[in-house]
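# What the coordinates show
Listed below, chain by chain, are the residues.
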Amino acid sequence: MRIDIVLSNAPKPRTIAAVNALRRMTTLARRVRALRSQDCHICGMKSREGLLCRGCLDDMPALPLCRCPVCAIPTPLGEVCGVCLNHPPHYDATLAAFEYRFPLEPMVVALKYRAQPHLAAFIARMMINAIERPEADCVIPMPLHPRRIIERGFNQSAEIARRLASHWRIPLMLDAAERDRDTPPQAKLSGSDRYQNVKGAFRGTRDLSGRKVAVVDDVMTTGSTLDELARTLKSRGAAHVTNILAARTLPNFGSRRNG
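Here is a short report on the structure shown in this document. (Residues numbered from 1 in each chain as written. Predicted model: local features only at pLDDT ≥ 70, side-chain atom pairs only at ≥ 80, totals over all residues. Heavy atoms only, no water.)

## Focus: the environment of Glu159
- Structurally, Glu159 is set in helix H8 (residues 156–168).
- Its relative accessible area of 19% is what places Glu159 among the buried residues.
- In the structure, Glu159 is positioned 42 residues away from Pro117 in sequence and 7.7 Å away in space, judged by C-alpha atoms.
- Residue contacts for Glu159: discarding those within four places in its chain leaves Ala120 and Phe154. (Helix = DSSP H or I, 4+ residues; strand = E, 2+ residues; numbered from the N terminus. Buried < 20%, exposed > 50% of the residue type's maximum accessible area, 1.4 Å probe, protein only. Contact = heavy atoms within 4.5 Å.)

Structure follows, in structure tokens:
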């Protein structure tokens, strides 16, 4: 009887085979994950999370929750900031995913200046996770002068905008505005000079009468370029312009003129 009990409790051949098969599948899955691991784009450590390791993903610089709804700089209670009240910009709202600093900053630089367009897909995914779908009738990327497109091989804002528009199911308009003047990079100019630098830089090419527009760009600093583009779009009839940004530079408040 004792032997019968032991035998009856022994694993059946089919059960043993199933357990062994499960072990082999688990081992294979581990090997596949190991093969898929890559060096983190930022720190170089092995990452199983994709482009960035878990540590760098956790370090992505979130913006304060309370921000001016017009220009996205921090305000005590999330109210419109004094600068936007005193000098209202042509755009109506700004939604930004992150603050423009490490570890996002080197990714944006690599996307724009080091011919790494694959980073646009990653940045777009991060933006989708951080920004709710805007109320918009169309998505328009920040235009780039043809000479810059030839130099870089692509418009980084357009690459990001394609993915956002597809995910949000909002029509993408790549030809709504053009950049007529190849202005010097804004980063090399002071805050006051940036406004003069981009004045008249854009030309509207589509009728936007009554439309709510979402303008996609990588980084907003003083907001001068976005302000000039919004002015151009509203001259073509746009009713509302919302900036959709990967990152917002938190400005030196003493040097700001307007949003």
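## Observations regarding the pairing of strand S8 (residues 240–248)
- For S8, a buried count of 8 out of 9 residues is recorded, marking the element as mostly surrounded by other parts of the structure.
- Looking at chain direction, strand S3 (residues 93–99) and S8 are connected through 6 bridges and run parallel. Bridge pairing in S8 places Phe98 opposite Ala247.
- Examined bridge by bridge, strand S7 (residues 212–220) and S8 share 8 bridges and lie parallel to one another. Opposite Val215, over in S8, you have Asn243 as the bridge partner.
- Each parallel crossover has a hand, and the one from S7 via helix H10 (residues 224–235) to S8 is right-handed. (Pairing = 2+ DSSP bridges. Right-handed = clockwise from strand over helix to strand, strands pointing away.)

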